[in-house]
Amino acid sequence: MEHIKETGEAMIQLPTENPRRTYISLSTVQTWKGYFERISDSPFASIITEDFLPAEDDEKSLGACRFLKVAVDSSSLILTILAGLESEISSLASRTKLTIHIVGADNQEIRLASMTEELYHLLPSLERLVVGYVGPDVGSSHGDITKLLEFQCCPECQKLGRSSRQAFLADDLYHDFAKSDLFAKYPPDLIVALHSGHAESQTDRWWPTLQCILDLGFPAVFTTYNQKEAVEEEQSFNSLGAHFSRKIAKNPWRGVLPMFDMFMERYDVFYHNYYWYIVKGRTHE
Ligand SMILES: [Zn+2]
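Before going into details, it helps to say that this report is about the structure given with it.

Basis of the calculations
- Residues numbered from 1 in each chain as written.
- Predicted model: local features only at pLDDT ≥ 70, side-chain atom pairs only at ≥ 80, totals over all residues.
- Heavy atoms only, no water.
- Pairing = 2+ DSSP bridges.
- Helix = DSSP H or I, 4+ residues; strand = E, 2+ residues; numbered from the N terminus.
- Axes fitted to C-alpha atoms, helices over the stretch in contact; angles between N-to-C directions.
- Contact = heavy atoms within 4.5 Å.
- Phe/Tyr/Trp six-rings, centres within 6.5 Å; stacked < 30°, edge-to-face > 60°.
- Buried < 20%, exposed > 50% of the residue type's maximum accessible area, 1.4 Å probe, protein only.
- Core = buried A, V, L, I, M, F, W, Y, C linked by side-chain atoms within 4.5 Å.
- Patch = residues over 30% accessible without salt bridge, like charges linked within 9 Å, V, L, I, M, F, W, Y side chains within 5 Å.
- Areas by Shrake-Rupley, 256 points an atom, 1.4 Å probe, with all protein chains shown as cover.
- Salt bridge = Lys/Arg side-chain N within 4 Å of Asp/Glu carboxyl O.
- Lys, Arg positive; Asp, Glu negative; His and termini not counted.
- Charge placed at Lys NZ, Arg CZ, Asp CG, Glu CD.
- Parallel < 35°, antiparallel > 145°, perpendicular 65-115°, else oblique.
- Nonpolar A, V, L, I, M, F, W, Y, C, P; charged D, E, K, R; others polar.

1. Quick notes on the sheet that holds strand β9 (residues 242-250)
- Strands sit in the order β5-β6-β4-β3-β7-β8-β12-β9 across an open sheet of 8 strands; the sheet is mixed. A single partner strand is all that each edge strand has here, and the edge strands are β5 (149-151) and β9. Between one strand axis and the next, the sheet turns by 20 degrees as a mean value, whatever way the strands run.
- Alignment of strand β8 (residues 220-224) against strand β12 (residues 275-282), held across 5 bridges, turns out to be antiparallel. Directly across from Phe 222, in β12, lies its bridge partner Tyr 277.
- Contacting β3 (97-103), β7 (190-194), β8, β9 and β12, helix α8 (residues 203-216) runs over the sheet at an angle of about 65 degrees to β12.
- Taken strand by strand, helix α9 (residues 227-239) contacts β8, β9 and β12, and its axis lies near 170 degrees from that of β9.

Here it is, written out as structure tokens:
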């Protein structure tokens, strides 16, 4: 299967193989089985139940289900972004251009850059996509980068006349980046911060970034590894007068591989992008 992209570190990427001709909102399915069946048109839909259990009780099905669980961890990022876009942009189905800023980005998000093709495949009107990776860990040189990185889209998307996907790396804290020419040139339709842990560590460092995000007024999706983190982050944002356009909730597009934190008193289970919420501006100016 050519569309399965495997990388060195037990990472399997399973994007939708062919660009869709019609748009189906993710919110109409809400489960990974529904996504594979109705949106991604994937044969993998038959492997799992609605609860992400093997559809059959034999070795082959168990193995296939395990494979799919690893793959879903790589899809979680892009479907969480798409769910955020659906939640915040009412005209999403007809949008031809989108710009997304990933805040506090690191190698984990950058390694999944090829999965952003999924937005082309699920949003038939989309012709141009820019993704900015912003944060002190992105590893680019300092200063404004005026030249964007270009990623050729797949042959099917090229036939449809789509531009290459574009990306930039900005090695800056987001509130500093927000003052740059690059920001002015490519303002976000959606800001995304995955597992920022802004209420847990380096809180002083995050504080000006959170203020900046609220001041800008663009919608911003945050995800956390567990509920406790989400509740603490909600408290931080409440103290800043944030408006929540989506309250904290379990993210339907979270990863399904449980992870354990062995440094906690008891073994806490967490998942990639387990909880999510969206802030947009402040409740009163
Ligand atoms: Zn494509």
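2. Points about the packing of aromatic side chains
- Within the structure shown, the criterion is met by 20 aromatic pairs.
- When the ring of Tyr 174 is compared with that of Phe 177, the centres are 5.6 Å apart and the planes differ by 50 degrees; the resulting orientation is tilted. Within this pair, Tyr 174 and its partner Phe 177 are both found in helix α6 (residues 174-177), separated by 3 residues, close to a single helical turn.
- Relative accessible area serves as the criterion here: at 2%, Tyr 174 is assigned to the buried category.

3. Quick word on the nonpolar core
- Ranked by internal contacts, the top residues of the largest apolar core, which has 56 residues, are Trp 32, Tyr 35, Phe 36, Ile 81, Leu 85 and Leu 119.
- Those elements giving two or more residues to this core turn out to be β2 (11-13), α1 (32-39), α2 (59-88), β3, α4 (117-122), β4 (128-134), β7 and β12.
- The greatest single-element share of this core, amounting to 11 residues, is contributed by α2.
- The contact partners of Leu 85, leaving out residues within four places of it in the chain, are Leu 92, Leu 98, Ile 100, Leu 119 and Leu 190.
- Counting 27 residues, the second largest nonpolar core, distinct from the first, contains Val 134, Ile 213, Leu 214 and Phe 244.

4. Details of a negative patch on the surface
- Taken together, Glu 56, Asp 57, Asp 58 and Glu 59 make up a surface patch of like negative charges.
- Assignment of secondary structure puts Glu 56 in the loop between α1 and α2.

5. What about the packing of α1 against α2?
- Two numbers describe how α1 lies on α2: the axes approach to 12 Å, and their chain directions differ by 80 degrees. Classified by the interaxial angle, the pair formed by α1 and α2 is roughly perpendicular. Packed against α1, whose contacting residues are Trp 32, Tyr 35 and Phe 36, the element α2 presents Leu 68, Val 72, Ser 75, Ser 76 and Leu 79 at the interface.
- Of the residues contributing to the contact of α1 with α2, the split by class is 6 nonpolar, 2 polar and no charged.

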